[in-house]
Amino acid sequence: EAGVAQSPRYKIIEKRQSVAFWCNPISGHATLYWYQQILGQGPKLLIQFQNNGVVDDSQLPKDRFSAERLKGVDSTLKIQPAKLEDSAVYLCASSLERLETQYFGPGTRLLVL
Amino acid sequence: SQQGEEDPQALSIQEGENATMNCSYKTSINNLQWYRQNSGRGLVHLILIRSNEREKHSGRLRVTLDTSKKSSSLLITASRAADTASYFCATDAQNAGNMLTFGGGTRLMVKP
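These notes cover the structure that comes with them. Predicted model, so just to flag it, every value in this text is computed and none were measured.

**Focus: the sheet that holds strand β3 (residues 19–24) of chain B**
Residue and element names in this part refer to chain B. As summarised here, the arrangement of the five strands in space is β1-β3-β8-β7-β6, forming an open sheet in which the pairing is antiparallel. Of all strands in the sheet, those with a lone pairing partner are β1 (5–7) and β6 (55–58), marking the two edges. Neighbour-to-neighbour, the strand axes of the sheet open up by a mean angle of 20°, direction not taken into account.

The following block contains the structure:
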């Protein structure tokens with residue numbers, strides 16, 4: 001069974017530029033999560049989808065971050081415009097349903113200069 | 001804010017020794033999970049312990065949960081160099097709908 005796929009693996013941009021990350025969850029997984037992990041810290045949940053609906057986005061900085069999962073399968077996370085403090089690893093995870101084990105992708109490492 | 005706090009922040013041991021990591025949390029939980037993260041890689045789920053369980057085993061891993069003290073411990077027995085990684089506890093708070101809150105992690109180094 002294929003795992004959670006993410007791309008790109010690495011991205012370097014300048015502040016005020018835009019960037020987008022893509023995630024393809026494990027086939028059949030209804031729930032998808034985006035986390036931000038700053039160096040030396042644990043992951044912080046940004047947004048949770050159940051199929052194509054948002055369950056929780058209370059920790060998503062909505063003035064610059066947006067995410068969508070239009071067809072209830074893959075998802076994109078966008079930052080526009082990026083700030084220096086957005087430098088982090090962005091992890092995508094999926095689970096069969098909301099109360100099941102989460103499986104993580106390899107992450108996208110973002111560096112904002 | 002981070003619900004779980006791991007202790008110690010860093011741990012260095014020799015191969016073959018046991019490693020113990022602790023996690024404390026603040027609010028009532030449905031379950032507590034432990035994850036491993038190798039350098040530059042994604043997180044791997046290790047074990048889940050529910051709030052009505054006190055101890056759970058998986059291979060060389062042993063997890064305990066004390067809900068009265070709001071704490072958990074992860075024991076890795078007979079450690080190997082390949083166990084070198086960061087270990088995170090994550091709590092699924094009651095009524096949170098599987099929204100995990102992670103601690104800051106323990107960085108474990110196992111020297112061959």
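**What to know about the packing of aromatic side chains**
Per the stated rule, a full pass over the model turns up eight aromatic pairs over all chains. Consider the rings of A:F104 and B:Y35, whose centres lie 5.5 Å apart with planes at 80°: the pair is edge-to-face. Taken together, the residues span two chains, with A:F104 in strand β10 (residues 103–104) and B:Y35 in strand β4 (residues 29–37). On the accessibility criterion, A:F104 (11% relative accessible area) is buried. Taking the centre distance of 5.4 Å and the plane angle of 55° together, the rings of B:Y35 and B:F102 count as tilted. Taken together, the residues B:Y35 in strand β4 and B:F102 in strand β10 (residues 100–102) connect sequence positions 67 residues apart. When sorted by exposure, B:Y35 lands in the same class as B:F102, which is buried. Clustering of aromatic rings is evident, with ring pairs tying together A:Y33, A:Y35, A:F104, B:Y35 and B:F102.

**Some details on the state of the cysteines**
All names here are of chain A. Per the counting criterion, the structure on display carries two disulfides over all chains. Here C23 pairs with C92 through a disulfide, and the sulfurs are 1.9 Å apart. Taking the sign of the S-S torsion, about -70° here, the bridge from C23 to C92 comes out left-handed. Here C23, found in strand β3 (residues 19–24), pairs with C92, found in strand β9 (residues 88–95); they are 69 residues apart in sequence, far enough to count as distant.

**Quick look at a nonpolar patch on the surface**
A contiguous nonpolar surface patch, about 300 Å² in accessible area, is contributed by A:I12, A:L111 and A:L113. Here A:L113 falls in the exposed class, since its relative accessible area comes to 54%.

Reading the values: rules and limits
- Residues numbered from 1 in each chain as written.
- Chains lettered and ligands numbered in written order.
- Predicted model: local features only at pLDDT ≥ 70, side-chain atom pairs only at ≥ 80, totals over all residues.
- Heavy atoms only, no water.
- Pairing = 2+ DSSP bridges.
- Helix = DSSP H or I, 4+ residues; strand = E, 2+ residues; numbered from the N terminus.
- Axes fitted to C-alpha atoms, helices over the stretch in contact; angles between N-to-C directions.
- Phe/Tyr/Trp six-rings, centres within 6.5 Å; stacked < 30°, edge-to-face > 60°.
- Buried < 20%, exposed > 50% of the residue type's maximum accessible area, 1.4 Å probe, protein only.
- Disulfide = S-S within 2.5 Å.
- Patch = residues over 30% accessible without salt bridge, like charges linked within 9 Å, V, L, I, M, F, W, Y side chains within 5 Å.
- Areas by Shrake-Rupley, 256 points an atom, 1.4 Å probe, with all protein chains shown as cover.
- Salt bridge = Lys/Arg side-chain N within 4 Å of Asp/Glu carboxyl O.

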